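Secondary and tertiary structure notes
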Protein chains: 2
Amino acid sequence: MGSRELERRVEAARRFNRFYTRQIGLLRRGAYDSPMSLTEVRVLYELAHREQPTATELGRDLDLDAGYLSRILRGFEKRALVTRTRSAADGRRSHLALTATGRKAFAPLDARSHDEVAAMLAGLAPAAQARVIAAMDTIERLLRDGPPPAAAYLLRPPQPGDMGWVVHRHGAVYAREYGYDAQFEALVAEIVARFVQRFDPTRERCWIAERDGTVVGSVFLVARSGTVAQLRLLLVELQARGSGLGTRLVDECVRFARQAGYRKLMLWTQSELRAARRLYQAAGFRVVRKERNHSFGKALVSETWELDL
Amino acid sequence: MGSRELERRVEAARRFNRFYTRQIGLLRRGAYDSPMSLTEVRVLYELAHREQPTATELGRDLDLDAGYLSRILRGFEKRALVTRTRSAADGRRSHLALTATGRKAFAPLDARSHDEVAAMLAGLAPAAQARVIAAMDTIERLLRDGPPPAAAYLLRPPQPGDMGWVVHRHGAVYAREYGYDAQFEALVAEIVARFVQRFDPTRERCWIAERDGTVVGSVFLVARSGTVAQLRLLLVELQARGSGLGTRLVDECVRFARQAGYRKLMLWTQSELRAARRLYQAAGFRVVRKERNHSFGKALVSETWELDL
DNA sequence: GGGAAGTACTTGACAGCGTCAACTATTGAC
DNA sequence: GTCAATAGTTGACGCTGTCAAGTACTTCCC
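The text that follows walks through the structure, step by step, so that each part is easy to find. Just so it is clear, the model here is predicted, and its values are computed rather than measured.

Judged by how many residues are buried, helix α2 (residues 38-48) of chain B sits mostly within the fold: 9 of 11 residues are covered. Along its buried surface, α2 of chain B packs onto α1 (3-23) of chain A together with α3 (55-62), α4 (66-78), β1 (82-86), β2 (94-98) and α5 (100-122) of chain B.

Listed below in structure tokens is the structure:
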């Protein structure tokens, strides 16, 4: 498949995303008028569809700030929509449940959302409805299962030319996606140069990911002290994203760091690098420090993450 | 097609909506970190894809408050992202255009959105990608064209039993979708009773919409004074929504009111009745008064709309 | 069993998103 | 020329959502 063909598909999918979000009115003002905000409605929805969830569970699944959620729940409690019962097993937790009033408040919101979708479908002939539903099912099934083969990547030590690739691709990808200026590429070059010059083969390492002979990712592990290692220069190329390569690169680093006897693994990143942050979080890293600064031609919030080994 | 089957489809579509909005991360926090808010990004997107739009155009298409948009644009101007040039044809309007800086600020945002979609697709085998895109195309095409036959509704005068239907369905639909209590149904009954008792056949009218022998909608026109008429009890059943029936009922009212010699047509509604409000707006009505009140077991904002005939 | 570290949740402070209503400048209809 | 309508602006303000620090409880580890 040519990259022209992929490009055409990406554009088609983006067009669909715009069309569909407009169609279902997600961004429409006052889509849920009433005294409820969209977030409150989402919380109410989850409460109506779960058995005794805790606040933390809701916050995780809806991606809400714990403090914000706490206030929303207090509001619900004040309006007698939910009750909280302290968990017998763990006194810090509370189990939430909709009251009869809560279910009654949710019902019309749910009905309206239901009826909007029903009206959208009812406008179609039955045969067309069936086709739409089948198409939705196709999309959901294919995207949910994701990449079935989990593609065969080769992780290998660097070869001549690879260090240049790392500098080149960091420069290009970050300029394209985040607008970083040339200073960033220069910093990467400096890191790479120092890595090569002071390389300690027993305690440091670089992995290059390759697929079908093409380099598609990298990660470095460097020593900061006798007990602390640093993960650096994690990069996954566009065409390899979403396939678990990032997770594999981070895991490889963590495993090696443990084996090499480090007590702690740390890394620096920027708050805007969402995909990377998700990988670190999934691997068990925690943010220990944040700092506003201006680098690479942008105002950034840089973060230090740590993982105890 | 049984209504059981439609119900199954509605549930399938709602499940897809939840899955897909989560998939494309619309509600994810900081989906667009950077100094831009989601709304600002949407405005920037429109600016990048249009020729010299005016602020009002953008506001209409993105459904934004004019004041809010004005401030966003001023912010963009201050950051030298856009230029405004007063329209030669109409001194009130300004034409907006991205500057080179503006295009440069938009590029990374666009690149990231592009790359996210690309990563989503790249995780699939080429054949699966093609199926997803084809399915998206199916959905978009069928929903965009909407109801091709524009279904044949019969509008007719009321027959025995219809007044009861109007009361019954108003009570049921508003209880279900908005949680109104029995007071609302009682009010409808009162309106209907008075309409029948004082009916003036030359200046008042009631239309009942029917499809395949089933009643699916209603609207009333009643005299308020010698020159002012009132539109009342507009209702469109779930299975007939999105097919233009609402528009047709309103149009019928307006046409009759003109013919009967009224100078003005007014109506009452609640701010939360979005679908109805859109119909009124499209027919040329304007809001002339709003008022907070507590009715039908809820805190409401009732509105008076008027149309000069 | 006792201290340290971690987790569940709360609270105060605050930025900024988005709304509302009142305002100016201009246009267009009569 | 008058009057209503439209494009856009501005001030005021509530509410959403974020951040950081706090409390109460649990778990880990020696």
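Now for the sheet that holds strand β5 (residues 214-223) of chain A. Residues and elements named next belong to chain A. Taken in spatial order, the 7 strands line up as β3-β4-β5-β6-β7-β9-β8 in an open sheet, and their pairing is mixed. One side of each edge strand has no neighbouring strand; the edge strands of this open sheet are β3 (154-156) and β8 (286-295). On average, each strand axis in the sheet is inclined to that of its neighbour by 20°, with strand direction left out of account. The sheet contact formed by β8 and strand β9 (residues 298-308) spans 9 bridges and is antiparallel. Looking across to β9, one finds that K290 is bridged to E303.

All names here are of chain A. On inspection of all chains with the given rule, the structure shows 31 aromatic pairs over all chains. Considering the side-chain rings of Y174 and Y180, the 5.5 Å spacing of their centres and the 25° angle between planes classify their relative orientation as stacked. By relative accessible area, which is 12% here, Y174 ends up buried. According to the relative accessible area criterion, Y180 is buried, its value standing at 6%. Relative to Y180, the ring of Y178 has its centre 6.1 Å away and its plane inclined at 45°; by these criteria the two rings are tilted. Like Y180, Y178 is buried. An aromatic cluster is built from Y174, Y178, Y180, F184 and F296, whose rings are joined through pairwise contacts.

Around DNA strand D there are 23 residues in total, and T39 and Y68 of chain A together with T56, R71 and R92 of chain B lie nearest to it. Side-chain polar atom of R86 of chain A to a phosphate oxygen of DNA strand D: 3.4 Å apart, as the coordinates give it. Contributing elements (two or more residues each) for the surface near DNA strand D: α4 (66-78) of chain A together with α3 and α4 of chain B. Broken down by element, the residue count for the surface near DNA strand D peaks at 5 residues, all from α4 of chain B. The residue makeup of the surface near DNA strand D, split by class, is 3 nonpolar, 8 polar and 12 charged.

Conventions adopted
Position numbers for residues count from 1 along each chain, tracking the sequence in the order it is written. Just so you know, chain letters begin at A and ligand numbers begin at 1, following the order they were written in. Under the rules for a predicted model, residues below a pLDDT of 70 receive no local features and side-chain atom pairs below 80 are neither given nor counted, while totals for whole chains, interfaces and linings still include all residues. No hydrogens and no water enter the side-chain calculation; it runs on all heavy atoms of the structure. Under the scheme applied here, a residue whose accessible area is under 20% of the maximum for its type counts as buried, over 50% as exposed, and between as partly exposed, the area being computed with a 1.4 Å probe on protein chains only. Going along the chain from the N terminus, every DSSP run of H or I of four or more residues is numbered as a helix, and every run of E of two or more is numbered as a strand. Here a residue-residue contact requires only that any non-hydrogen atoms of the pair lie within 4.5 Å. At least two DSSP bridges between two strands are needed for those strands to be called paired. Note on geometry: axes are lines fitted to C-alpha atoms, helical ones only across the stretch in contact, with angles between N-to-C directions running from 0 to 180 degrees. Here a Phe, Tyr or Trp ring, Trp counted by its six-membered ring, pairs with any other such ring whose centre lies within 6.5 Å, and the pair is stacked when the planes are under 30 degrees apart, edge-to-face when over 60, and tilted otherwise. Think of it this way: one heavy atom of a residue within 4 Å of a molecule or strand is enough to make that residue near it. Throughout this description, a polar contact denotes any pair of N or O atoms lying within 3.5 Å of each other; where both atoms belong to protein, one of them has to be capable of donating a hydrogen while the other can accept it, and for residues adjacent in sequence the pair is counted only when both atoms sit in side chains. Any residue that is not Ala, Val, Leu, Ile, Met, Phe, Trp, Tyr, Cys, Pro, Asp, Glu, Lys or Arg is counted as polar, Gly included; the first ten are nonpolar and the last four charged.

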